[in-house]
Amino acid sequence: MSKIAVFDVLDRDFQNNPYPIYGELHQDDLVYFDKNFGAYFIGKYADVSRILNDPVFTTAPLAVRAQPVMGDRVLAQMEGTEHAQKRRTVLRGLGGSYFHNTYAPLIETITRQLIAPLISRGGFDLVRDFGKDYAVLVTLGILDLPATNHRLVGQWHAGVADFVTRLDMTECERRHSLECSRHLSEFLTPIISDRLQTPGRDLISLLCLRDDNGDGMTVSEIVALCLNILLAATEPADKSLAMLFKHLIDHPNALQAVRQDKSLLRGAIEETLRLTSPVQLIPREASQDTEISGVPITKGSLVFSMIGAANRDPSIFEGPNLFELKRFSPASRPDRKRGPRHLAFGAGMHVCLGAEFSLRQIEITGSILLDELTDLRMPGGFQLEERGLYTRGPVSLPIEFSPISTGHARTRTSPEERNE
Ligand code: 2IO
């Protein structure tokens, strides 16, 4: 049976570096309880995996945490046929031939256009100079939205993301977030109305389709799903990309191996997501009295699954605090078997539907950056500062490299042009 331990999620040391506290949780088999939030924080892999798979734990907390800035329900709040249908629609719009024909070239173009002016500098900040713009531009591309004011959209996104993910919002900050949400929905509404009239082949148009009876989603439901996609696609992208490069630069052998064999990149991304999960928490509510590892949990309790902690559970992952390039490459594992899955994308019926998309996205961009930036390093003495309890990532990642003399980032990507 686990022991309950007092926990202050806002504690400065924990915010600066949660990993030692996750270590104590595993070592002493603890269930954390934060009195101020009246919430449990659960970090054992087996418990987290059960919570995310057990219908006793509902997504009810999203009604207060997300719905006010989303304007309507997000996918994770839905169940049954409604959930299955809408999830299928979004998945269809993200995958299959769409990815190959539309998104892959788009991601490549955005990546090349953004690094083109940075390459000759011999160094830039992978978060501030690249990642933030990159994350918003790819998301706007997914929704086929105009990129003209992408910095402004980025600011609105940040306001909305704060509302969903910050645990210490002041009244004034909450008002600002609601304001950002209003701006975003004013940006989206006329575009959605247009696509309801004359649908194209983009993801928003798929959401606008009606069934044989002429029934479909309302504008407010479509706006909410677009905001859901906007947040879910933008928020983790720059964080995952920057941490991938941080880990690779910290592990020169891994960096060298990935450069030589690009098929290792996918495993490197998965290992990055495990070790430094861009989403660290998933909130749930107990819909009836239950227990977690023997600790009684009463109906109505708020329970945070600490997926970032579960991903470092030593009973599941050997050397859990180490970056192990080949941990998720079955072909290169000694037993050639697939090891345990990480929980960075969640689990159960609400498991991230953008998982495959995001892996391919970071794979495309990571591969281009590796090709264009040789002799990668971070400035001497650089100290990584990560921020965020719910979503977490570096505020800055300065990188230096030797500008390559032969060739430079191409911004032309059409096959005709490439075969010139
Ligand atoms: C938008 C938190 C970035 C989701 C969320 C309220 C619902 C859901 C998640 C992820 C990541 C975001 N929750 N995506 O944790 O859609």
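Above this text is the structure in question.
In this numbering scheme, every chain counts its residues from 1 along its sequence in written order. Local features are withheld for residues below a pLDDT of 70 in this predicted model, meaning they are given only at 70 or higher, and side-chain atom pairs are given and counted only at 80 or more; totals for whole chains, interfaces and linings count all residues. Neither water nor hydrogens contribute to the side-chain values; these are computed over all heavy atoms in the structure.

Trainee: Please explain the site of the ligand as it appears in this structure.
Mentor: Taken together, L62, A66, V164, N228, L231, A232, E235 and V279 make up all the residues around the ligand. Within the side chain of N228, a nitrogen or oxygen atom sits 2.9 Å from an oxygen atom of the ligand. Considered on its own, the ligand offers 390 Å² of accessible surface; in the complex 83% of this is hidden by protein. For the shell around the ligand, the element with the most residues is helix α12 (residues 219-234), which contributes 3 residues. Three classes are used: nonpolar for Ala, Val, Leu, Ile, Met, Phe, Trp, Tyr, Cys and Pro, charged for Asp, Glu, Lys and Arg, and polar for all others, with Gly counted as polar. For the shell around the ligand, a count of residues per class yields 6 nonpolar, 1 polar and 1 charged. Near is defined per residue: the residue qualifies when any heavy atom it owns lies within 4 Å of the molecule or strand. Polar contact is the term for a pair of N or O atoms within 3.5 Å; when the atoms are in protein, one must be able to donate a hydrogen and the other to accept it, and sequence-neighboring residues count only if both atoms are side-chain atoms. Shrake-Rupley sampling with a 1.4 Å probe provides the accessible areas, and residues are treated as covered by the protein chains on show and by no other component. A run of H or I in DSSP becomes a helix once it reaches four residues, and a run of E becomes a strand once it reaches two; helices and strands are each numbered from the N terminus.

Trainee: How should I be thinking about the packing of aromatic side chains in this particular structure?
Mentor: Two aromatic rings are characterised by how far apart their centres lie and by the angle between their planes. Stacked, tilted and edge-to-face pairs are distinguished by plane angle, under 30 degrees for stacked and over 60 for edge-to-face with tilted covering the rest, among Phe, Tyr and Trp rings (Trp via its six-membered ring) whose centres lie within 6.5 Å. Under the counting rule described, the total for this entry stands at 16 aromatic pairs. A centroid spacing of 5.6 Å and a plane angle of 75° characterise the contact between Y19 and Y22, whose relative ring orientation is edge-to-face. Separated by 3 residues within a single helix, Y19 and Y22 lie in helix α2 (residues 19-28), roughly one turn from each other. We classify Y22 as buried; its relative accessible area is 2%. Geometrically, the ring pair formed by Y98 and Y103 is stacked, given 6.4 Å between the ring centres and 20° between the ring planes. An aromatic cluster of at least three residues, connected via ring pairs, comprises F7, F14, Y19, Y22, Y32, F41 and F304. Note on criteria: charge over ring means Lys NZ or Arg CZ within 6 Å of the ring centre, with the direction from the centre no more than 35 degrees off the ring normal. Lying across the ring of F99, R360 places its NZ or CZ 4.7 Å from the centre. Only protein chains enter the area calculation, which uses a 1.4 Å probe; residues under 20% of their type maximum are buried, those over 50% are exposed, and those in between are partly exposed.

Trainee: Help me understand the packing of helix α8 (residues 126-142) against helix α9 (residues 150-165) in this model?
Mentor: Each packed pair of helices is defined by two parameters, the angle between the axes and the distance between the axes. Where α8 meets α9, the closest approach of the two axes is 9 Å, and the angle between their N-to-C directions is 100°. On the basis of the axis angle, α8 is roughly perpendicular to α9. Between α8 and α9, the contacting residues are D133, V136, L137 and L140 on the first element and H150, R151, V153 and G154 on the second. A breakdown of the residues in the contact of α8 with α9 according to their chemical character gives 4 nonpolar, 2 polar and 2 charged. All axes here are fitted lines through C-alpha atoms, helices being fitted over the stretch that makes contact, and every angle between N-to-C directions spans 0 to 180 degrees. The scheme is simple: roughly parallel for angles under 35 degrees, roughly antiparallel for over 145, roughly perpendicular for 65 to 115, oblique for anything else. Note on definitions: a residue-residue contact is assigned when non-hydrogen atoms from the two residues lie within 4.5 Å.

Trainee: Sorry if this is basic, but what is going on with the side chain of T165 here?
Mentor: With respect to the secondary-structure elements, T165 resides in helix α9. Classification of T165 by relative accessible area gives buried; the value is 10%. From its side chain, T165 meets the backbone oxygen of A161 in a polar contact 2.7 Å long. Those residues within four positions of T165 in sequence are excluded, and the remaining contacts are R65, Y390 and T391.

Trainee: How should the environment of K86 be read in this particular structure?
Mentor: When you line up the elements, K86 lands in helix α6 (residues 80-94). Of the residues examined, K86 reaches a relative accessible area of 10% and is grouped as buried. For the pair K86 and V153, spaced 67 residues apart in sequence, the C-alpha separation works out to 25 Å. For K86, the contacting residues outside a window of four places in its chain are L75, M78, M217, E221 and L225. A distance of 2.9 Å separates the side chain of K86 from the side chain of E82, its partner in a polar contact.

Trainee: Can you help me understand helix α7 (residues 96-119) in this one?
Mentor: Because an α-helix completes one turn every 3.6 residues, residues spaced three or four positions apart along the sequence face the same direction. Helix length check: α7, at 24 residues, gives a terminal C-alpha distance of 33 Å against a target of 34 Å (1.5 Å per residue), a fit within 8%. At Y103, α7 shows its largest kink, close to 40°, and the proline P105 lies no more than four residues downstream. To estimate how far a helix should reach, multiply one less than its number of residues by 1.5 Å. We define the bend at any residue as the angle between the axes fitted to the seven residues before and including it, ending there, and the seven starting there.

Trainee: I tried to follow the pattern of salt bridges on my own but got confused; where do I start?
Mentor: Side chains carrying opposite charge are able to pair once their charged atoms draw close together. Each reported salt bridge corresponds to a side-chain nitrogen of Lys or Arg within 4 Å of a carboxyl oxygen of Asp or Glu. Following the criterion strictly, the structure yields 30 salt bridges and no others. Between D29 and K44 there is a salt bridge, with the nearest N and O atoms lying 2.9 Å from each other. On the criterion of sequence distance, the pair formed by D29 in the loop between α2 and β2 (30-34) and K44 in the loop between β3 (39-42) and α3 (45-53) is long-range, its members being 15 residues apart. Judged by relative accessible area, which is 23%, D29 ranks as partly exposed. We note a salt bridge from E173 to R166, for which the minimum N-O separation is 2.9 Å. Here R166 falls in the partly exposed class, since its relative accessible area comes to 27%. Shared partners join several salt bridges into a network, and the residues in it are R73, E82, K86 and E221.

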